[in-house]
Amino acid sequence: LQVFDDEGKDVTPRPLFRSDPNTVVPRQGKLLASSAYFGATGSGFLSSFSMHQTSGVNGSLEQKRSCLLTSYNFSDVQVRQEEIKEWTKEDLGRRVDIYLTETETIWILDMPSVVVSVESEDAGRVLEQNRIYVDICKNRPGNDRFVEKMMQTINGAAKNKEVQCDKIIMEDKGMLVTSWDLYDSFNVSEIEPTSKAEGSRATTGKSSKSHTAKEHNQTMLVSSNRGSTTSSLMISESAVLARIHEEEECHSEAILTSENFQQNLFFMERILMENIFQPKLAAYRQFPVLIDPDVTSDMSGTVAAVKEAKQEEHDKEKKDKEEQKDAFVDPSILSDLNKTPEEIVPPRLEWLWSYICDLTNGHSVSSMAWSKVNPDLLAVGYGAFDCKEQKKGLACCWSLKNPMWPERIFRCEHGVTALDFSMASPNLLAVGMYDGSVTIYNVRSCNDTALLDSSESSNKHTGPVWQMRWVEQDRGATGDGKKERLICISADGRITEWFIQKRLDCTDLMKIKRTESEKKKLPGEKERKREALISQQAAGMCFDFHPKDTNFYLAGTEEGHIHKCSCSCNEQFLETYRGHKGPVYKVAWNPFSTDMFLSCSADWSIILWHQDSQTPILTFSSATAFVHDVMWSPKSACIFAAVNESRVEIWDLSASILNPVTSCFANPRVKFTSVLFAENTNCLLVGDSKGEVSVFELQNLAAPNNNKV
């Protein structure tokens, strides 16, 4: 059989496989033989099978097809060569109708989607609902009880996506040129060719020297006869300038490296910083701001008017207090009641300056600590909290006298996670790192080499040191006075006490064991199997010693529990406070009401506790973000500060227990990480993830009342 197109070309399909009659086909199993058969002649068989289903085909073709079908033996497939029939002219001219049809779809795998397990208790109810739904779908076409109707569904919340490019920063650069700069530059250009000419003269012979001397004398005589003194003055001045220039080049390095010059630069830098930051530093120390006497009359008049208004307001408040001296109502409350809404000024945070430089830019602020002796000295640790963002850390000591560059810089191999100043030895700064090592530096030395480290200790931590603190404890009967100890808490579940001797070594104060959460069992609920714990110790995150009795302390864990512990007992906890659903990042005792303490966690909440109650007293939650740090005010029993990833908040429990009295938001793509109150002023320090420590002034807060609990 051959097929020709309209142009008479032979387009007969050729077989893909033609068996060789000389090869012997081995016997195979039925399954393999049938698969081989279908693989070799599957296309021919399917086409012949489809043609068998069609109608309108000539009898000769049906006879040939029947011969084809009978030639295959499915029980034992053998390949047999067919006899090739020679076609006559009549067969070639005969018209043959061929019909192409599609076979039915063969489903190899059909897995209907199920939601409820067949073995569950609700399987029968779900199957019954599915059967009813199938019946409804079958009866729907042509039924009058079903009407197609449109209805409105609840639309999903729209999401706005904004893309903003970096701001193009334009800089103006200029240069100040004075008259003496122009004069010196002009003279230097004249000196260079003169020196070259003198050098060329020195290389000539004796005859050339004498000849040059004669010419020079003649030139000098001519100039003297003419009475002109300009050239001689220029030559002498140029020689003096050249000699000065050479001396400056020789002695420039010696001057820059001299101790006197360095000390003078240091004093000059301090003077400039005092002049630049004088208004900010005065506001920080609560001193009056000095006014420049060279200001214009308009400015002086404005300043005088402001001072006069403040004086009148002060006199008015003093008069009101004297009138209400014998009253039973608090004068501050009564004065607030008498004020109109326009006169009441809400509390706010006023930014003063920031501790940041090129060296610390890009490093996350992990911890801050004030010097116990010098209130102007601040230690800041820089290190990342995430293990994927780890890089070398820094520990810097900043001074109020120079907010633009740190006084001491200690470079660490790993990220700094905690630090604290010693009280007995104020020059010692203890630093904890992400790899679990503890290092002590001497801030009096300009060398950044560590004084002691825990590299040789066999009991050193194996996890990040999240917090450390120097604690003073009574010596007891062994001696009088107090003894200072360095306490650390780490992610390896240990609270350690470090001894400073020839080398750093530690002993375990407490091993934090995991505790099961107390979940109430519902009626009819089966007992659940206890999950196998990977580690028996819980990771420690923070701690704080009691302000009056340093034998007791609180420890926050990664599992959300707060344990009350004693230094005298390292086997069990005194109390366990359960209220947080995430890791506890900070615990802090109230310095005035010593029975109360605060805790903040990754569950977006701050909880106020009483040490005699395991139930939280108050829970504060103002933003859906991790609360990284919290601290009580050193001047009031009701004010505390907290920082989450998006903002810093000031809470005043005497004013409101629902919302903070004031807050300040962080810059875009910046997260707040730590907070610290200034001890002697009404200021707050906030560290962020870009290495910046911002100093804020707390304005218009209520007068502190230490006795109020």
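Residues numbered from 1 in each chain as written. Predicted model: local features only at pLDDT ≥ 70, side-chain atom pairs only at ≥ 80, totals over all residues. Heavy atoms only, no water.

Of regular secondary structure, the protein possesses 11 helices and 28 strands. Across the protein, the fraction of contacts at a sequence separation of at least 24, relative to all contacts at a separation of at least 6, is 51%. About 49600 Å² of surface is accessible on the protein, with carbon and sulfur atoms providing 54% of the total. (Helix = DSSP H or I, 4+ residues; strand = E, 2+ residues; numbered from the N terminus. Contact = heavy atoms within 4.5 Å. Areas by Shrake-Rupley, 256 points an atom, 1.4 Å probe, with all protein chains shown as cover.)

This brings us to the packing of aromatic side chains. A complete count under the given rule lists 16 aromatic pairs for this structure. Measuring from ring centre to ring centre gives 5.0 Å for Phe-545 and Tyr-553, while their planes differ by 35°; the resulting arrangement is tilted. The residues Phe-545 and Tyr-553 share a single accessibility class, namely buried. Consider the rings of Phe-620 and Phe-640, whose centres lie 5.6 Å apart with planes at 55°: the pair is tilted. (Phe/Tyr/Trp six-rings, centres within 6.5 Å; stacked < 30°, edge-to-face > 60°. Buried < 20%, exposed > 50% of the residue type's maximum accessible area, 1.4 Å probe, protein only.)

Another point: the sheet that holds strand β1 (residues 348-355). Taken in spatial order, the four strands line up as β1-β28-β27-β26 in an open sheet, and their pairing is antiparallel. The two strands at the open ends of the sheet, each matched to only one other strand, are β1 and β26 (672-677). Strand-to-strand, the axes of this sheet are offset by a mean angle of 25°, without reference to chain direction. When β26 meets strand β27 (residues 683-688), the two strands line up antiparallel, connected through five bridges. Its bridge partner lying in β27, Val-675 is registered against Val-686. (Pairing = 2+ DSSP bridges. Axes fitted to C-alpha atoms, helices over the stretch in contact; angles between N-to-C directions.)

Time to look at the side chain of Thr-662. Relative to the elements of secondary structure, Thr-662 occurs in strand β25 (residues 662-665). Other than its neighbours up to four places away in sequence, Thr-662 contacts Pro-347, Arg-348, Leu-349, Val-648, Glu-649 and Ile-650.

Moving on to the confidence of the model for the protein. Interpretation of this model should avoid reading the predicted coordinates in detail wherever pLDDT is low. Averaged over the protein, the pLDDT score is 75; the fraction of residues at 70 or greater is 70%. Below a pLDDT of 50 lies the segment residues 25-79, which in the model reaches 36 contacts outside its immediate sequence neighbourhood of four places, other chains included. Residue range residues 194-233 is modelled with pLDDT below 50. Its contacts to residues more than four positions away, or to other chains, number four contacts. (pLDDT = per-residue confidence, 0-100.)

This part takes up the sheet that holds strand β7 (residues 428-433). Spatially, the four strands line up as an open sheet ordered β6-β7-β8-β9, and their pairing is antiparallel. Here the strands that pair on one side only, and so sit at the sheet edges, are β6 (416-421) and β9 (452-453). Bridge count between β7 and strand β8 (residues 438-442): five bridges; the pairing is antiparallel. Bridge pairing in β8 places Ala-430 opposite Ile-440.

The next thing to look at is the nonpolar core. Tyr-284, Trp-353, Tyr-355, Leu-378 and Leu-685 are the most contacted members of the largest nonpolar core, which totals 26 residues. Taken together, the elements giving at least two residues each to this core come down to α9 (278-284), β1, β2 (365-370), β3 (377-382), β4 (393-399), β27 and β28 (693-699). If we ignore the near neighbours within four places in the chain, the residues touching Trp-353 are Phe-277, Lys-280, Leu-281, Tyr-284, Leu-400, Pro-403, Val-693, Ser-694 and Val-695. (Core = buried A, V, L, I, M, F, W, Y, C linked by side-chain atoms within 4.5 Å.)

Although it is not a glycine, Gln-286 sits at a positive phi angle of roughly 60°. Note on placement: Gln-286 falls in the loop between α9 and α10 (297-323). Phi angles above zero are rare outside glycine, and Arg-669 is one such case at about 60°. Tracing the backbone through its elements, the reader meets Arg-669 in the loop between β25 and β26.

This structure, assessed with the given rule, holds zero disulfides. Of all cysteine sulfurs in the structure, the one in Cys-565 sits closest to Cys-569, which takes part in no disulfide; the separation is 8.9 Å. (Disulfide = S-S within 2.5 Å.)

In this structure the tally under the stated criterion is 18 salt bridges. For Asp-91, the salt bridge identified is with Arg-94, shortest N-O distance 2.9 Å. For Asp-91, a relative accessible area of 19% translates into the label buried. A salt bridge links Glu-559 to Arg-514; the nearest nitrogen and oxygen atoms lie 3.9 Å apart. With Glu-559 in the loop between β15 (552-557) and β16 (561-566) and Arg-514 in the loop between β13 (504-511) and β14 (540-545), this pair connects stretches of sequence that are 45 residues apart. Here Glu-559 falls in the partly exposed class, since its relative accessible area comes to 23%. (Salt bridge = Lys/Arg side-chain N within 4 Å of Asp/Glu carboxyl O.)

Attention shifts here to the pairing of β4. Of all seven residues that make up β4, seven are buried, and the element is covered over most of its length. A two-sided burial pattern is seen for β4, the buried positions comprising Gly-393, Ala-395, Cys-397 and Ser-399 on one face and Leu-394, Cys-396 and Trp-398 on the other. Bridge count between β3 and β4: six bridges; the pairing is antiparallel. Its bridge partner being in β4, Tyr-382 is matched across the sheet by Leu-394. When β4 meets strand β5 (residues 408-412), the two strands line up antiparallel, connected through five bridges. Counterpart to Leu-394 in the pairing with β5 is Arg-411.

A few words now on the environment of Leu-92. By secondary structure assignment, the location of Leu-92 is in helix α3 (residues 89-93). For Leu-92, a relative accessible area of 54% gives the class exposed.

Below, the discussion takes up a negative patch on the surface. On the surface, Asp-181, Asp-184, Glu-246, Glu-247, Glu-248 and Glu-249 cluster together into a negatively charged patch. For the negative patch, the secondary-structure elements that each account for two or more residues are α5 (179-202) and α7 (230-256). Looking at the negative patch element by element, the count peaks at four residues for α7. When you line up the elements, Glu-249 lands in helix α7. Note on Glu-249: relative accessible area 53%, which makes it exposed. (Patch = residues over 30% accessible without salt bridge, like charges linked within 9 Å, V, L, I, M, F, W, Y side chains within 5 Å. Lys, Arg positive; Asp, Glu negative; His and termini not counted. Charge placed at Lys NZ, Arg CZ, Asp CG, Glu CD.)

The subject of this paragraph is the environment of Glu-558. Of note, Glu-558 is situated in the loop between β15 and β16. Taking the C-alpha atoms as reference, Glu-558 lies 9.9 Å from Arg-514; in sequence the two are 44 residues apart. Apart from residues no more than four positions distant in its own chain, Glu-558 is found in contact with Ala-539, Met-541, Gly-582 and Pro-583.

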